[in-house]
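Okay, here's what each chain looks like letter by letter:
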Amino acid sequence: MTRVFSGIKPTGHLTLGNYLGAMRRWADVDQHRADALFCIVDLHALTVEHDPARVRRLSRQAATLLLASGLDPALCTVFVQSHVDEHARLSYLLECVATDGEMRRMIQYKEKAGRERERGGGVRLSLLTYPVLMAADILAYGTDEVPVGDDQTQHVELARDLAVRFNQRYGSTFVVPRAVTDSGREVVYGKEGRPGVANLLEILAACTGGNPSGLSGVYESYGALKKDTAEAVVEVLRPVQERHRELCADPGYVEGVLRDGAERARAMARPTVDAAYRAIGLLPAAADIGVTA
Ligand code: TRP
């Protein structure tokens, strides 16, 4: 079965764009057609200045929202990155395969490092190595497909490059993934901050299953479009909000899902990461090769 892996970073509040563009499809489509893992990538939240309590809170919140969006732990694996040591273990090995030039060319690094410098703070080394950790997330699970927004395709390309390079140098160890773009995610972000007509049409279409250009003929006034869009959004989010309320009343359930998810994820990642340790030349510990005493 196709293995799908995606990550969600607990650095901000999840938006309508995250839901319509990504999470909804993970729940409606991906978890049914593939062996899917959805990971709250908390280690990635530490690459720029952060508040520890906030990261913890947003991680719990992201897990709750993923479940509220319809991810079903009986169908897919939902877990927190830092609960599974294999990510950090593999990341280091991949740092020994990636080059520093490759890291410095990453568009997101250049943008974010620029912003950090403007703020007058230092740039964390982990911001530079971020794409290597992301490659480890992907490669540890033998991932075939990585549904991500456009802004992440360069990172997925890097994961492919590192997998190919590792396999060539040290023997076939990793599945080489394919990137898949989350439809609509970038459109709904509405980065300009002021939702224009096109943006409203995109949102309305995403909520009602229509298409934006078809809908554009239907509306003569901005007011009517705005009203219908607002109503459509409320309808789409209603079941998510209801489940969210239920889950918030039962935090023990969410914790249990994350505990089981981490256990499953660990069991999946462990053999691949152990194989990579051996392939690259690290001496197995006696216990790992069955030698006792
Ligand atoms: N970098 C991704 C983002 O900012 C999050 C992420 C981390 C991720 N690891 C991943 C996405 C692995 C897909 C697969 O959105």
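Basis of the calculations
- Residues numbered from 1 in each chain as written.
- Predicted model: local features only at pLDDT ≥ 70, side-chain atom pairs only at ≥ 80, totals over all residues.
- Heavy atoms only, no water.
- Helix = DSSP H or I, 4+ residues; strand = E, 2+ residues; numbered from the N terminus.
- Buried < 20%, exposed > 50% of the residue type's maximum accessible area, 1.4 Å probe, protein only.
- Contact = heavy atoms within 4.5 Å.
- Areas by Shrake-Rupley, 256 points an atom, 1.4 Å probe, with all protein chains shown as cover.
- Lys, Arg positive; Asp, Glu negative; His and termini not counted.
- Charge placed at Lys NZ, Arg CZ, Asp CG, Glu CD.
- Domains from an automatic or database assignment.
- Buried area = accessible area lost by both parts, 1.4 Å probe.
- Salt bridge = Lys/Arg side-chain N within 4 Å of Asp/Glu carboxyl O.
- Phe/Tyr/Trp six-rings, centres within 6.5 Å; stacked < 30°, edge-to-face > 60°.
- Core = buried A, V, L, I, M, F, W, Y, C linked by side-chain atoms within 4.5 Å.
- Near = heavy atom within 4 Å.
- Polar contact = N/O pair within 3.5 Å; in protein donor to acceptor, adjacent residues only side chain to side chain.
- Nonpolar A, V, L, I, M, F, W, Y, C, P; charged D, E, K, R; others polar.
- Expected span 1.5 Å × (residues − 1).
- Arc of directions from axis to C-beta.

A. The arrangement of the overall build of the chain in detail. Broken down by element type, the chain carries 12 helices and 5 strands. In the chain, which comprises 293 residues, the share counted as buried stands at 44%. Taking the contacts inside the chain whose residues are at least 6 apart along the sequence as the reference set, 81% of them involve residues at least 24 apart. Carbon and sulfur atoms make up 52% of the accessible area of the chain, which totals about 14700 Å². Put simply, the chain has 35 plus and 38 minus side-chain charges, and the middle of one group is 3 Å from the middle of the other.

B. How the structure looks around the domain arrangement of the chain. Domain boundaries in the chain define domain 1 (3–184 + 251–288) and domain 2 (187–249). Measuring from the centre of the C-alpha atoms in domain 1 to the corresponding centre in domain 2 gives 29 Å. Carbon and sulfur atoms make up 71% of the area that domain 1 and domain 2 hide from each other, which totals about 1300 Å². In this structure, the connection of domain 1 to domain 2 is made through 0 salt bridges.

C. Representation of the packing of aromatic side chains in the model. Overall, the coordinates contain 6 aromatic pairs when judged by the stated rule. Ring centres of Phe5 and Phe79 lie 6.4 Å apart, and the angle between their planes is 75°; this geometry places the pair in the edge-to-face category. With Phe5 in strand β1 (residues 3–8) and Phe79 in strand β3 (residues 77–80), the pair connects residues that are 74 residues apart, well separated along the chain. We classify Phe5 as buried; its relative accessible area is 2%. Owing to a relative accessible area of 0%, Phe79 belongs among the buried residues under this scheme. Taken together, the ring pairs in this structure connect Phe5, Phe79 and Tyr141 into an aromatic cluster.

D. Fine view of the pattern of salt bridges. For the structure shown, the criterion picks out 13 salt bridges. Residue Glu102 is joined to Arg165 by a salt bridge in which the shortest nitrogen-to-oxygen separation is 2.4 Å. Residue Glu102 is located in helix α4 (residues 100–104), and its partner Arg165 is located in helix α7 (residues 153–170); the two are separated by 63 residues in the primary sequence. Of the charged contacts, one joins Glu231 and Lys227 as a salt bridge, the two residues approaching to 3.4 Å between their closest N and O atoms. In this pair, Glu231 and Lys227 are both assigned in helix α11 (residues 222–248), 4 residues apart and thus about one turn of the helix distant. Assessed through its relative accessible area of 44%, Glu231 is described here as partly exposed.

E. Just the nonpolar core, in detail. Counting residues in each nonpolar core, the largest one holds 40 residues, and the members touching the most others are Phe79, Leu90, Leu94, Leu139, Tyr141, Leu162 and Phe174. Broken down by element, the residue count for this core peaks at 9 residues, all from helix α6 (residues 125–139). Setting aside residues no more than four positions away along its own chain, Phe79 makes contact with Phe5, Leu37, Phe38, Cys39, Ile40, Val84, His87, Tyr141, Leu258, Gly261, Ala262 and Ala265.

F. Local environment of the site of the ligand. Around the ligand lies a shell of 14 residues, among which Gly7, Tyr130, Met134, Asp137 and Gln152 are the nearest. Tyr130 has a polar side-chain atom sitting 2.7 Å from a nitrogen atom of the ligand. Gln152 is positioned such that a nitrogen or oxygen atom in its side chain is 2.9 Å from a nitrogen atom of the ligand. Coverage of the ligand by the protein chains reaches 95% of its 370 Å² of free accessible surface. For the shell around the ligand, the elements supplying multiple residues, two or more each, are β1, α6 and β4 (145–148). A per-element tally of the shell around the ligand places α6 first, with 4 residues. Its residues assigned to classes, the shell around the ligand comprises 7 nonpolar, 4 polar and 3 charged.

G. Looking closely at helix α5 (residues 107–118). With 12 residues, α5 ought to run about 16 Å at 1.5 Å a step, and its terminal C-alpha atoms sit 17 Å apart, in line with that. For α5, every residue scored as buried is listed here: Gln108, Tyr109, Lys112, Ala113 and Glu116. Looking down the long axis of α5, one finds its buried residues gathered within 115° of arc, a one-sided arrangement. Opposite its buried face, α5 presents the exposed residues Ile107, Arg117 and Glu118, each directed more than 90 degrees away.

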